[in-house]
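Here's the letter readout for the chains.
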Amino acid sequence: MNERGWFTLLVRGGGVVLTVMGVLRLAAYGSSALSSWWYMSSQGSGASLGGYSMAYQVSQVIVQVVPLLLGVYFLFFAGWMIDRMCRSVCGRCRRCGYDLADDPPVCPECGLRSP
């Protein structure tokens, strides 16, 4: 496996970790907020979530969602970032990592045109 393959594996693996972590954090926060709301509403204290303001609740949801969104981005949409970071590997194809020492206009391995 070449440098691009390892870097792609690292980015996609980070995406998996962040996605799982985001889902678990969001589920934990959601169940906590729901049980707090259920308790407060059964006590007749109104429908506020744990006595906290709505702005606080929204900020907490945003904090819980950010790792999930980053993970999904790294997992599915970070191809351009991988290409950009791997351009610094001189003499190799950006897509497949084939050695382009002779500087052909098209990669013989995958057919990508040299920029």
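All of these numbers come straight from a predicted model, not from anything done at the bench.

Engineer: I would appreciate a short explanation of the overall build of the protein in the present structure.
Structural biologist: Scanning the protein for helices and strands turns up three helices and zero strands. Along the protein, helices (α) and strands (β) appear in the sequence α-α-α when read from the amino end. Carbon and sulfur atoms make up 67% of the accessible area of the protein, which totals about 7900 Å².

Engineer: It is not clear to me how the side chain of Gln64 should be interpreted in this structure. Could you clarify?
Structural biologist: For Gln64, the position within the fold is in helix H2 (residues 54-76). Of note is the side chain of Gln64, whose polar atom sits 3.2 Å from the side chain of Arg25. With residues up to four places along the chain from it excluded, the contact list for Gln64 reads Gly22, Arg25, Leu26 and Tyr29.

Engineer: Is there a simple way to explain a nonpolar patch on the surface in this structure?
Structural biologist: Taken together, the side chains of Met54, Val58, Ile62, Val66 and Leu70 make up a nonpolar region of the molecular surface, amounting to roughly 450 Å² of accessible area. Looking at where Ile62 falls in the secondary structure, it is placed in helix H2. Judged by relative accessible area, Ile62 falls into the partly exposed class, the value being 49%.

Engineer: Would you take a moment to explain the environment of Asp83 for this structure?
Structural biologist: Here Asp83 is to be found in helix H3 (residues 79-86). Along the sequence, Asp83 and Arg4 sit 79 residues apart, while their C-alpha atoms lie 8.4 Å from each other. Setting aside anything within four residues of it in sequence, one finds Asp83 in contact with Arg4 and Arg94.

Engineer: Even after reading the chapter, I still don't get the side chain of Thr19, so can you show me in this structure?
Structural biologist: Secondary-structure assignment places Thr19 in helix H1 (residues 3-42). When its relative accessible area of 16% is taken as the criterion, Thr19 is described as buried. Beyond its immediate sequence surroundings of up to four residues, Thr19 is in contact with Pro67, Leu68, Gly71, Val72 and Leu75.

Engineer: Hey, could you run me through the nonpolar core in this one?
Structural biologist: Note on soluble globular proteins: their nonpolar side chains tend to be buried together. Counting residues in hydrophobic clusters, the biggest one holds five residues: Val11, Ala78, Met81, Ile82 and Cys86. Element by element, the count of residues in this core is highest for H3, at three residues. Setting aside anything within four residues of it in sequence, one finds Ile82 in contact with Arg4, Phe7, Thr8, Val11 and Arg12.

Engineer: Can you help me understand H2 in this one?
Structural biologist: Owing to its 3.6 residues per turn, the α-helix aligns residues three or four sequence positions apart on the same side. Taking 1.5 Å per residue as the helical rise, H2 with its 23 residues ought to reach 33 Å, and the 32 Å between its terminal C-alpha atoms agrees with that figure. Taken as a whole, H2 carries its principal kink of about 30° at Val65; the proline Pro67 stands between one and four residues after it. Taken residue by residue, H2 has Gln57, Gln64, Pro67, Leu68 and Gly71 as its buried positions.

Conventions we followed
- Residues numbered from 1 in each chain as written.
- Predicted model: local features only at pLDDT ≥ 70, side-chain atom pairs only at ≥ 80, totals over all residues.
- Heavy atoms only, no water.
- Helix = DSSP H or I, 4+ residues; strand = E, 2+ residues; numbered from the N terminus.
- Areas by Shrake-Rupley, 256 points an atom, 1.4 Å probe, with all protein chains shown as cover.
- Polar contact = N/O pair within 3.5 Å; in protein donor to acceptor, adjacent residues only side chain to side chain.
- Contact = heavy atoms within 4.5 Å.
- Patch = residues over 30% accessible without salt bridge, like charges linked within 9 Å, V, L, I, M, F, W, Y side chains within 5 Å.
- Salt bridge = Lys/Arg side-chain N within 4 Å of Asp/Glu carboxyl O.
- Buried < 20%, exposed > 50% of the residue type's maximum accessible area, 1.4 Å probe, protein only.
- Core = buried A, V, L, I, M, F, W, Y, C linked by side-chain atoms within 4.5 Å.
- Expected span 1.5 Å × (residues − 1).
- Bend = angle between axes of the 7 residues up to and from the residue.

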